[in-house]
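# A look at the structure
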Amino acid sequence: MSVTFTRTTSQLADLILRKLGVLGSGTSVSAAASDTTIVVEAIDMWLKQAHRQGIFWRKTTPRAINMNINAVRSASAASVADMLFPISMFVTTSSRDDPVDIISYTDYAAISEKGQAGTPTKAMWNGNASAEFVVWPVPTSTLSAGIIYQQIATDTTAGSAIDVDVAMIPHVKDIIAFNLGDEYEVPEGKMVRWERAAKE
């Protein structure tokens, strides 16, 4: 026997719209399609922001990829568009995996001999859409590298759950309802209560 508990995006939108007073008892989200679209967009916007700010509610699992590190002093692209941030990296030399420290722009700028040749021990992530890394020292030949990274939360779809832990779904409902309160002209007194609930 298996027991699961979650709420799909449509079910979560239903809860939010009921709190906002858009849906009454016995009314489904299909009766408020345009409002459902607004709620789903609000969920997606908040979810991306929360993940980017390091609110660790995500349930997306880390991903592993391989890439080539070029033998030049320039960025090598992992060519993935869903990297939120890298977790760890290694390079393969002589069938051995050597760890590489992921460093900041400031740490990379402090390296005086950026053209020094050797096996990479540090890598700066550019944070751009191509997931580019600049390594140091610069390898003398193309190397294979492995990266484990945290994936950006996927956009929500009607029939699937959003990328947060199940226990956080009631809190997400409160936060999204509060964020949409002005748009739906929720009275000020109620907004004050909702703000407290959203911050808990």
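Residues numbered from 1 in each chain as written. Predicted model: local features only at pLDDT ≥ 70, side-chain atom pairs only at ≥ 80, totals over all residues. Heavy atoms only, no water.

So, about the nonpolar core. Note that soluble globular proteins tend to have their nonpolar side chains buried in a common cluster. The biggest cluster of nonpolar side chains holds 26 residues, and the ones touching the most others in it are I16, L20, V39, W46 and I176. At the level of secondary structure, the elements contributing two or more residues to this core comprise α1 (9–20), α2 (33–52), α4 (169–179) and α5 (188–199). Ignoring anything within four residues of it in the chain, the contact list for V39 reads A13, I16, L17, I176 and L180. Among the nonpolar cores identified, the runner-up in size contains 18 residues, and M67, V80, W125 and F133 belong to it. (Core = buried A, V, L, I, M, F, W, Y, C linked by side-chain atoms within 4.5 Å. Buried < 20%, exposed > 50% of the residue type's maximum accessible area, 1.4 Å probe, protein only. Helix = DSSP H or I, 4+ residues; strand = E, 2+ residues; numbered from the N terminus. Contact = heavy atoms within 4.5 Å.)

What the seven strands build is an open sheet, ordered β1-β7-β3-β4-β5-β6-β2; its pairing is mixed. Of all strands in the sheet, those bounded by a partner on one side alone are β1 (63–69) and β2 (76–77). In terms of strand pairing, strand β5 (residues 122–125) meets strand β6 (residues 132–136) through four bridges, oriented antiparallel. Residue pairing across strands places A123 opposite V135, the latter belonging to β6. (Pairing = 2+ DSSP bridges.)

Turning our attention to the packing of α4 against α5. A packed helix pair is summarised by two numbers, namely the angle formed by the two axes and the spacing between the axes. At a minimum axis separation of 8 Å, α4 and α5 run at an interaxial angle of 140°. As judged from the angle between their axes, α4 and α5 are oblique. For α4 against α5, the interelement crossing comes out left-handed. Contacts between α4 and α5 involve D174, I175, A177 and F178 on the former and, on the latter, M191, W194, E195, A197 and A198. Classifying every residue of the contact of α4 with α5 by side-chain character gives seven nonpolar, no polar and two charged. (Axes fitted to C-alpha atoms, helices over the stretch in contact; angles between N-to-C directions. Parallel < 35°, antiparallel > 145°, perpendicular 65-115°, else oblique. Left-handed = near helix turned anticlockwise from the far one by under 90°. Nonpolar A, V, L, I, M, F, W, Y, C, P; charged D, E, K, R; others polar.)

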